[in-house]
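Each chain, letter by letter, is given below.
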Amino acid sequence: MKIAIKTFGCRLNQYEGEGIREGLKRHGHQIVDPANEPDMVIINGCAVTQRAEQKAFQFIRKQKRSFPESRILVTGCLGTLIKMEKTNYPWVDIVYPQNEKSFMAGVLEKEKPTIQQGVSAAWFDIQDFARHTRAFLKIQDGCDNRCSYCIVPFLRGCSYSRPVDNILKQAQILENNGFKEVVLTGVNIGDYKDKEYRLLSLLKLLLSQTDLPRIRLSSIELEGLDEDLIRLIADNQERIMPHIHVPLQSGSDRVLRLMNRSYNSADYSRIISLAQSVIPGLLVGTDVMVGFPGEVDDDFNRTRELIEELEIQHLHIFRYSPRPGVPSVKFSGEIDPGIKKDRSKILQELGQRNKKRFIKGLLGHDLKVLFEKEDGFGHWEGLSENYIKCFVKYKSTLHNKIVQVKAVGMSELKLKVEIERLT
Ligand code: SF4
């Protein structure tokens with residue numbers, strides 16, 4: 001069949017989307033663009049917020065209008081939500097919940113998956129990461145926490161970890177296929193455990209058993225970030241990137257309790273300050289939610305003050321949206337959408353100010369940049385170790401090259417750099 005795949009949402013879903021693509025190709029299907037009259041369109045959808053859900057359905061309706069004959073298959077967290085809600089959507093032909101999506105390629109062939117297929121399929125051994133220079137590497141899935149606003153544990157189940165030897169094999173495949181950076185991803189990677197291995201020892205294994213130049217951690221919950229891990233990053237900055245993304249959600253202890261988060265603002269401040277003091281040039285990112293039921297001005301101001309105090313540079317801002325079946329839908333004190341919008345804008349501007357100050361502080365410094373793409377006018381763009389977009393004018397290709405550069409200028413939230421040495 002001519003099959004198009006459209007993935008929405010997090011790095012985990014992106015990684016699995018790649019696995020689906022490779023699985024379908026192995027089964028002889030042709031992967032085409034959604035605009036190329038596909039026989040089937042696979043929507044690897046996200047359901048973490050109402051907005052994410054709406055985006056997928058907008059795409060489905062548009063696709064169905066353009067190609068009424070195309071069959072629509074929905075999978076991913078959105079697939080699980082549709083199954084859970086037992087809702088029929090006229091434009092959706094087939095639904096595969098998240099925990100069955102890894103068998104999709106075979107099932108479309110009416111094949112009965114073998115155990116071995118089961119293991120590798122469940123973790124999606126991938127060879128490539130099409131259209132990406134940096135590869136995501138799924139190490140864990142599911143979550144044992146029960147944050148009161150979060151639907152993820154209901155869609156992806158309890159926490160489980162990929163066998164360590166399977167991760168190593170995957171990392172070596174990506175390294176042998178030329179990837180210079182892998183981003184370790186999952187729902188709650190700090191909860192990684194397989195046999196005696198934990199995230200710390202897994203990182204040590206990847207450092208010793210691969211020559212991957214760059215290993216980056218994707219989002220990690222505060223409870224997974226301890227002093228040992230912080231010191232490991234500090235001692236291996238060459239290869240473990242000085243960039244952490246640690247969800248805060250709120251700076252108000254009252255709201256954190258309502259969210260059923262496992263820490264308070266003092267815990268968060270202590271760990272992040274430790275990391276900032278131990279890891280030079282560290283960039284800190286976070287997830288923050290505005291408009292949680294009952295969030296009053298004082299609560300919001302605590303969030304804003306904490307982000308200011310810690311100078312957190314990279315903000316993912318979510319406006320609270322009630323998700324089906326989660327405890328917070330019963331909470332009183334719904335926040336007006338206009339207030340959510342204002343609070344979101346205030347944090348966005350704060351995040352940009354913090355990031356601008358951080359980038360300014362890098363001027364004159366040497367950095368290593370993994371260049372990814374060219375803008376058609378001879379400017380190559382890539383990411384520094386600490387996740388800052390950098391650009392340079394250069395005649396020949398810099399694609400997938402790690403280059404020693406000096407930061408010489410800035411434009412908006414990007415660094416203008418000069419090449420010192422091609423590594
Ligand atoms: S830690 Fe909380 S917010 Fe994150 S996936 Fe688990 S339940 Fe959801």
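Participant: Residue-level account of the confidence of the model for the protein chain, with values.
Facilitator: Residues with a pLDDT of 70 or more make up 95% of the protein chain, whose mean pLDDT is 93. Confidence drops under a pLDDT of 50 for residues 111-121, and excluding neighbours within four residues, the segment shows ten contacts in the predicted structure.

Participant: Just give me the short version of the site of the ligand, but keep the residues and values in it.
Facilitator: With respect to spatial proximity, the complete set of residues near the ligand consists of Cys143, Asn145, Cys147, Tyr149, Cys150, Val152, Pro153, Val187, Glu221 and Arg261. Looking at the shell around the ligand residue by residue, the class counts come to seven nonpolar, one polar and two charged.

Participant: How would you sum up the sheet that holds strand E2 (residues 30-31)? Please name residues and give values.
Facilitator: Sheet strands line up and pair through hydrogen bonds in the backbone, either parallel or antiparallel. In space, the five strands of this open sheet follow the order E2-E1-E3-E4-E5, with parallel pairing throughout. Taken across any chain shown, the strands that pair with only one partner, and hence form the sheet edges, are E2 and strand E5 (94-95). In this structure, strand E3 (residues 40-45) lies alongside strand E4 (residues 71-75), joined through five bridges in parallel fashion. Each bridged residue has a counterpart across the sheet, and for Ile43 the counterpart in E4 is Val74. Where helix H1 (residues 11-26) meets the sheet, it contacts strand E1 (2-7), E2, E3 and E4, and its direction lies at approximately 170 degrees from that of E1.

Participant: I'd like a description of the packing of helix H12 (residues 297-309) against helix H13 (residues 337-360), backed by residues and values.
Facilitator: Where H12 contacts H13, the two axes come as close as 10 Å, and the packing angle between them is 10 degrees. When the axes of H12 and H13 are compared, the pair comes out roughly parallel. Counting all contacts with H12, which are made through Asp297, Phe300, Thr303, Arg304, Ile307 and Glu308, the residues of H13 involved are Arg343, Ile346, Leu347, Leu350, Arg353 and Asn354.

Participant: I'd like to hear about the domain arrangement of the protein chain, residue by residue, with values.
Facilitator: As a measure of interface size, the accessible area lost when the parts come together is often cited. We note that the domain assignment places domain 1 (2-113), domain 2 (120-358) and domain 3 (366-422) within the protein chain. With 25 residues of domain 1 in contact, the opposing surface of domain 2 contributes 32 residues. Interface area for domain 1 against domain 2, summed over the two sides, is near 2400 Å², with a carbon-plus-sulfur share of 64%. Contact with domain 2 buries surface across domain 1, with Arg11, Leu12 and Tyr15 losing the most and accounting together for 33% of the total. Counting the contacts that link domain 1 with domain 2 gives three salt bridges. Our enumeration of links across domain 1 and domain 2 arrives at ten residue pairs in polar contact (both at pLDDT 80 or more). Every element with two or more residues in the side of domain 1 that touches domain 2 is listed here: H1, helix H2 (50-66) and helix H3 (76-85).

The rules behind these values
Residues numbered from 1 in each chain as written. Predicted model: local features only at pLDDT ≥ 70, side-chain atom pairs only at ≥ 80, totals over all residues. Heavy atoms only, no water. pLDDT = per-residue confidence, 0-100. Contact = heavy atoms within 4.5 Å. Near = heavy atom within 4 Å. Nonpolar A, V, L, I, M, F, W, Y, C, P; charged D, E, K, R; others polar. Pairing = 2+ DSSP bridges. Helix = DSSP H or I, 4+ residues; strand = E, 2+ residues; numbered from the N terminus. Axes fitted to C-alpha atoms, helices over the stretch in contact; angles between N-to-C directions. Parallel < 35°, antiparallel > 145°, perpendicular 65-115°, else oblique. Domains from an automatic or database assignment. Buried area = accessible area lost by both parts, 1.4 Å probe. Salt bridge = Lys/Arg side-chain N within 4 Å of Asp/Glu carboxyl O. Polar contact = N/O pair within 3.5 Å; in protein donor to acceptor, adjacent residues only side chain to side chain.

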